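Here is what each chain is made of, one letter per residue.
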Amino acid sequence: MDVRQLSTLVAIADHGTFSAAARALYTVQSNVSAHISRLEKELGVTLVDRAHGGLTEDGSRVVERARRVLNEMDDITADMASRHEDVTGQTRLGVIGTTGRWLMPKLLARLSAEHPNLRAVVQVGATSALVPNVLGGQLNAAVVHLPVDDAEVIITPLFAEDLVLLAHADHPLAAHSEISLADLHEVPLLLPPMGAALRKVLERAAATVDVTLRAQAEIDGARLLASLAFDGYGAAIVPATAIPAGSDVEHRRITVPELPRRVVAFIRRRRPSASAPTMAAFDTLRSLIDEYGDTQPGVHTSTSAFAIPKND
């Protein structure tokens, strides 16, 4: 088994066919076929379904570990290159969309200025998708919202943000500037899906005051929740950073005093240790949050301003 074989299998998983993988690897299809055949012979399993395309069940298992191996090799190279000079190499970072919108432009600009030999690859997604990618090695680290309950990750809280009820100006709830959670009992709302981290926070808060949250629709994504509320589809409970600054849409941000703040954190695998590029990105991230976090509406950077939520 060698790196070329693992890289070829990953390319087939990413691009779907032998010919597409060959183009991505800048080689010919016969080389791709040869690498896969040798890997299958060594492992004693069929990795690629030649008849229907795509990976077999065994192939999917192997490619997950192959990605980890290849990413770890990249990290080793980056660490060694960074021992006696500026940080060099690549870090693969995940970020939730609400945070990415205001923080990523600043992070990428600062990294470019301070670490010109560092390349950041950014994946935007929901916490439910980013956490498994960190655990699986596809990402070096991610900025997600809590709770995250996994002993295999190191969690560093970054900031907290208010949760608010957002409604179009024509919505009946827009008559309020503040409303109690009890007054939202059985009121149709746009909510995250059951099992999502934010939904867990909301359901826990509702349970403490014996309130049932009624989902008019379940939407996995805070920015889409906010967008639908802006469009008048319904009222939504969203984090403050999901609301675009300077929007022309007439809307109402309604305070719900019983709602806790949402905690956003940086997570990375406990083992292996984070690479030099990943730690450089983390240090830069924290510095930017210290500088700009409190300028964002509804964001609080003081650790005394929030509590870490736990999973049930």
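Conventions and cut-offs
Residues numbered from 1 in each chain as written. Predicted model: local features only at pLDDT ≥ 70, side-chain atom pairs only at ≥ 80, totals over all residues. Heavy atoms only, no water. Buried < 20%, exposed > 50% of the residue type's maximum accessible area, 1.4 Å probe, protein only. Helix = DSSP H or I, 4+ residues; strand = E, 2+ residues; numbered from the N terminus. Contact = heavy atoms within 4.5 Å. Pairing = 2+ DSSP bridges. Axes fitted to C-alpha atoms, helices over the stretch in contact; angles between N-to-C directions. Parallel < 35°, antiparallel > 145°, perpendicular 65-115°, else oblique. Nonpolar A, V, L, I, M, F, W, Y, C, P; charged D, E, K, R; others polar. pLDDT = per-residue confidence, 0-100. Salt bridge = Lys/Arg side-chain N within 4 Å of Asp/Glu carboxyl O. Phe/Tyr/Trp six-rings, centres within 6.5 Å; stacked < 30°, edge-to-face > 60°. Lys NZ or Arg CZ within 6 Å of the ring centre and 35° of its normal.

Q: It is not clear to me how helix H2 (residues 18–25) should be interpreted in this structure. Could you clarify?
A: In an α-helix, one turn spans 3.6 residues; hence positions three or four apart end up facing the same way. What H2 keeps buried is the set Phe18, Ala20, Ala21 and Ala22. In this structure, the buried residues of H2 make contact with helix H1 (3–15) and helix H3 (29–43). A positive backbone phi angle near 55° is found at Tyr26, which sits one or two residues after H2.

Q: Any chance you could explain the sheet that holds strand E3 (residues 141–145) here in plain terms?
A: Strands belonging to one sheet form pairs held by backbone hydrogen bonds; the direction of such a pair is parallel or antiparallel. Read across the sheet, 6 strands follow the order E2-E1-E3-E10-E4-E11 without closing on themselves; strand pairing throughout is mixed. Unpaired on one side and paired on the other, strand E2 (118–124) and strand E11 (299–300) mark the two borders of the sheet. Pairing analysis gives 8 bridges linking strand E4 (residues 153–161) to strand E10 (residues 262–269), with the strands arranged antiparallel. Across the sheet, the residue bridging to Phe159 is Val264, located in E10. Against the sheet, helix H9 (residues 276–292) touches strand E1 (89–95), E2, E3, E4 and E10, its axis set at about 20° to E4.

Q: Looking at this structure, how should I read the packing of H2 against H3?
A: Two numbers describe a pair of packed helices, the interaxial angle and the distance between the axes. Viewed as axis vectors pointing N to C, H2 and H3 meet at an angle of 105°, and their least axial separation amounts to 8 Å. Regarding the angle of H2 to H3, the classification is roughly perpendicular. Seen from H2, the contacting residues are Phe18, Ser19, Ala21 and Ala22; seen from H3, they are Gln29, Val32, Ser33 and Ile36. When grouped by side-chain class, the residues that make up the contact of H2 with H3 number 5 nonpolar, 3 polar and no charged.

Q: What am I meant to see in the confidence of the model for the protein here?
A: Counting all residues, the mean pLDDT for the protein is 86, and 91% of those residues have values of 70 or more. No element of the protein has a lower mean pLDDT than helix H4 (residues 57–81), at 74, and none a higher one than strand E6 (residues 188–191), at 96.

Q: Explain the pattern of salt bridges here, please?
A: A pair can form between side chains of opposite charge whenever their charged atoms are brought close. Counting across every chain of the model gives 9 salt bridges. Among the salt bridges present, the one from Asp2 reaches Arg4, with a minimum N-O distance of 3.5 Å. With relative accessibility at 26%, the residue Asp2 sits in the partly exposed group. On the accessibility criterion, Arg4 (54% relative accessible area) is exposed. Arg61 is the partner of Glu57 in a salt bridge, and the nearest nitrogen-oxygen pair spans 3.3 Å.

Q: Is there a simple way to explain the packing of aromatic side chains in this structure?
A: Given two aromatic rings, one states the distance between the centres and the angle between the planes to describe the pair. Inspection of every chain in the model, using the stated rule, returns 2 aromatic pairs. For the ring pair Phe266 and Phe282, a centre distance of 4.6 Å and an interplane angle of 35° mean the geometry is tilted. Pair noted here: Phe266 is in strand E10 and Phe282 is in helix H9, with a separation of 16 residues, a long-range link. Residue classification places Phe266 among the buried positions, given a relative accessible area of 3%. For Phe282, a relative accessible area of 8% corresponds to the buried category. In this structure, Lys106 packs its charged tip against the face of Tyr292, placed 5.2 Å from the ring centre.

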